[in-house]
Amino acid sequence: MATSNSKSRRKLIKSVVCPHCWNEFAPEDALWISEAPALLGDYKLGETERVRFLPTEYDARGAAVDAKGYSCKDLACPRCHLKLPACALDSPALFMSIVGAPASGKSYYLASSTFMLRSSLASKFRLNFLDGDPEMNAKLSSYETMQFVANSSELVKIEKTQEFGGDLYNTVLIGDQSVTFPQPFVFLAAPGAGHPNEGKEDVASRMICLYDNAGESYLPTKGADLASNPVTRHLAQCKCLFFLYDPTQDPRFRKACREVSKDPQVYDDSGMRVSTLRQDSVFAETAKRVRAHNNIPSYQKFDRPLVVIVSKADVWRRLVPSLDLNVEPVAPFKYRDFNVCALRNDVVRHASQLTRNMLMKYAPEFISSVESFASDVVYIPVSATGVSPVVDQNDAEKSGGFRASEIRPIWIDVPMIYAISRLTKGLIVTVDKDGKA
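These remarks concern the structure in this document. Computed from a predicted structure; not experimentally measured.

Along its length, the protein chain carries nine helices and 22 strands. Radius of gyration (C-alpha) of the protein chain: 23 Å, near the 22 Å computed for a compact globule of 437 residues. Taking the principal axes of the C-alpha coordinates as reference, the protein chain spans close to 70 × 55 × 55 Å. In the protein chain, the share of contacts with a sequence separation of at least 24, taken over all contacts with a separation of at least 6, comes to 73%. Within the structure as shown, the protein chain displays about 19300 Å² of accessible surface, and the carbon and sulfur contribution to it stands at 49%. Taking the average location of the 53 positive side-chain charges in the protein chain and that of its 51 negative ones, the two points are 5 Å from each other.

What follows is the structure in structure tokens.
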């Protein structure tokens, strides 16, 4: 791949991992996507997609020139031919897998967390959190808009994620086999103005890849996770595993919560969608796949961070009176002459212990499954909305939605802030209870 000889010459990483098919390749092997309107029909993607090609000619800016003489701007993976975000070639990838049972609220969690991260990382940590490619993130951005930007009088109800098909999946031809891959959401985390690594973006920046699979994709069913449908095989690449545990899906929690909450999600006759699946079984299937794809023996523990995101904290928080989610887990900090914020590990760990104690009381089999698999576990309470859903017995389409004007997420950005602090050096500062980095 050619680059300009100017002072702004692009610095490429040594090895690229495709966020679609997880193929690893050298950056010079990336394909270019033709710009000429006449060059339609890619043999892997179909007749409506522009041709992918290895260039033989470049313009003065270092961009490839297609067969019709058009300068090109977009790149594609040499294996799956799907479009790559520009940052894939110059920023190492951090794959983070978000897993949960059906109806656990992963889409609400993702939309709330990424929306809040855009502002909290910039304002508190001087860390830019940007769309790696707006087109690839379009679905997630639409969810963010529904919850935080659209008409506040409307009820927000995110559609259920489909197990296959739709705009969260891409089907390509690999050899003679049609293969379906999940659509990644890609972000660039890069030092901004006032960050301790300002000016070192070329070495400090990271491409963060997230996925929103349907909960059904993680069930231990026949035909799941096939080579022709590897929609959960990002688990092989994950540097941090997020498991979203929804207490309102457990009848024991619902019974306990009815003593402290009037939220309709804890009442069996509310008409709310409730899964009858055991979440420890979903986790066990996930753990099995992580072991298989990473070749981890059964006697060895997963040694990367496992973040158990315990959702809907606004519903169950009164079960743990000593858990104060009004305490900010982020504090101002002076680091190498830079005024930034730091993540307070003591606050996160205290909340984690209290949350774990609650889970041990009501769902000990889940704790057993989690801690027999991973050696580095933290339990983080969150709420994607901070409010109860509206139940309308006369309108099933509206029932279960949230009024946008009332949405107030709780600790929703903490899991990702914690993960970034663990997986990178210098992007997010952490401090202990004594205020030491």
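Strand order in the open sheet made by the four strands is β6-β3-β7-β8, with antiparallel pairing throughout. The outermost strands of the open sheet, each flanked by one partner alone, are β6 (52-53) and β8 (83-84). In terms of strand pairing, strand β3 (residues 31-33) meets β6 through two bridges, oriented antiparallel. Each residue of the ladder has a partner; that of W32, found in β6, is F53.

Take the environment of T286 next. The residue T286 is located in helix α5 (residues 279-294) in this model. For T286, a relative accessible area of 1% puts it in the buried group.

A separate point is the sheet that holds strand β19 (residues 338-344). Reading across the sheet, the three strands line up as β18-β19-β22 and stay open at both edges, with mixed pairing between neighbours. Pairing within the sheet leaves two strands with one partner each, and these edge strands are β18 (330-335) and β22 (429-431). Across the sheet, the mean angle from the axis of one strand to that of its neighbour is 50°, orientation sign disregarded. Summarising the sheet, β18 and β19 pair through six bridges and their orientation is antiparallel. Its bridge partner lying in β19, Y335 is registered against F338. Along the sheet, helix α7 (residues 345-362) makes contact with β19 and β22, crossing β19 at roughly 15°.

On to unusual backbone geometry, then. In this structure, R126 is a non-glycine residue whose phi angle is positive, near 60°. Locating R126 in the fold gives a position in the loop between α1 (106-125) and β10 (127-131).

The next subject is the packing of α7 against helix α9 (residues 414-423). Running from amino to carboxyl end, α7 crosses α9 at an angle of 120°, the nearest separation of the two axes being 12 Å. Considering their axes alone, α7 and α9 lie oblique with respect to each other. Handedness of the crossing formed by α7 with α9: left-handed. Contact residues: N345, V348 and R349 in α7; V414, Y418 and R422 in α9. Among the residues making up the contact of α7 with α9, the classes are represented as three nonpolar, one polar and two charged.

This part is about the packing of aromatic side chains. This structure, assessed with the given rule, holds 13 aromatic pairs. Ring geometry for F115 against F148: centres 4.4 Å apart, planes inclined by 0°, an arrangement best described as stacked. Of the two residues, F115 is situated in helix α1 and F148 in helix α2 (residues 138-148); the sequence distance between them amounts to 33 residues. Geometrically, the ring pair formed by F129 and F187 is stacked, given 4.6 Å between the ring centres and 10° between the ring planes.

As a further point, take the pairing of strand β5 (residues 46-50). As paired elements, strand β4 (residues 40-42) and β5 share two bridges and run antiparallel to each other. Residue pairing in the sheet places L40 in a bridge with R50 of β5. Hairpin connection, β4 to β5: the antiparallel pair is bridged by three residues.

Considering all chains together, one arrives at zero disulfides under this definition. The thiol of C240 is unpaired, and the distance to the nearest cysteine sulfur, on C238, comes to 7.7 Å.

This brings us to α2. Residues of α2 that are buried include every one of K139, L140, Y143, E144 and Q147, and no others. The arc enclosing the buried residues of α2, seen along the axis, measures out at 145°, which places them on a common side. On the buried face of α2, the contacting elements are α1, β11 (155-156) and β14 (185-191).

With that settled, the discussion passes to the environment of R422. Residue position: R422 is located in helix α9. Judged by relative accessible area, which is 37%, R422 ranks as partly exposed. Sequence separation between R422 and S228 is 194 residues; the distance between their C-alpha atoms is 34 Å.

Counted according to the given criterion, the structure contains 20 salt bridges. Between E144 and R118 there is a salt bridge, with its nearest N and O atoms 3.0 Å apart. Remark: R118 occurs in helix α1 and E144 occurs in helix α2; sequence separation between them is 26 residues. Judged by relative accessible area, which is 5%, E144 ranks as buried. Classification of R118 by relative accessible area gives partly exposed; the value is 23%. In the salt-bridge network here, residues are joined through shared partners; they are E35, K73 and D74.

Cut-offs and rules
Residues numbered from 1 in each chain as written. Predicted model: local features only at pLDDT ≥ 70, side-chain atom pairs only at ≥ 80, totals over all residues. Heavy atoms only, no water. Helix = DSSP H or I, 4+ residues; strand = E, 2+ residues; numbered from the N terminus. Rg over C-alpha atoms; globule rule 2.2 N^0.38 Å. Contact = heavy atoms within 4.5 Å. Areas by Shrake-Rupley, 256 points an atom, 1.4 Å probe, with all protein chains shown as cover. Lys, Arg positive; Asp, Glu negative; His and termini not counted. Charge placed at Lys NZ, Arg CZ, Asp CG, Glu CD. Pairing = 2+ DSSP bridges. Buried < 20%, exposed > 50% of the residue type's maximum accessible area, 1.4 Å probe, protein only. Axes fitted to C-alpha atoms, helices over the stretch in contact; angles between N-to-C directions. Parallel < 35°, antiparallel > 145°, perpendicular 65-115°, else oblique. Left-handed = near helix turned anticlockwise from the far one by under 90°. Nonpolar A, V, L, I, M, F, W, Y, C, P; charged D, E, K, R; others polar. Phe/Tyr/Trp six-rings, centres within 6.5 Å; stacked < 30°, edge-to-face > 60°. Disulfide = S-S within 2.5 Å. Arc of directions from axis to C-beta. Salt bridge = Lys/Arg side-chain N within 4 Å of Asp/Glu carboxyl O.

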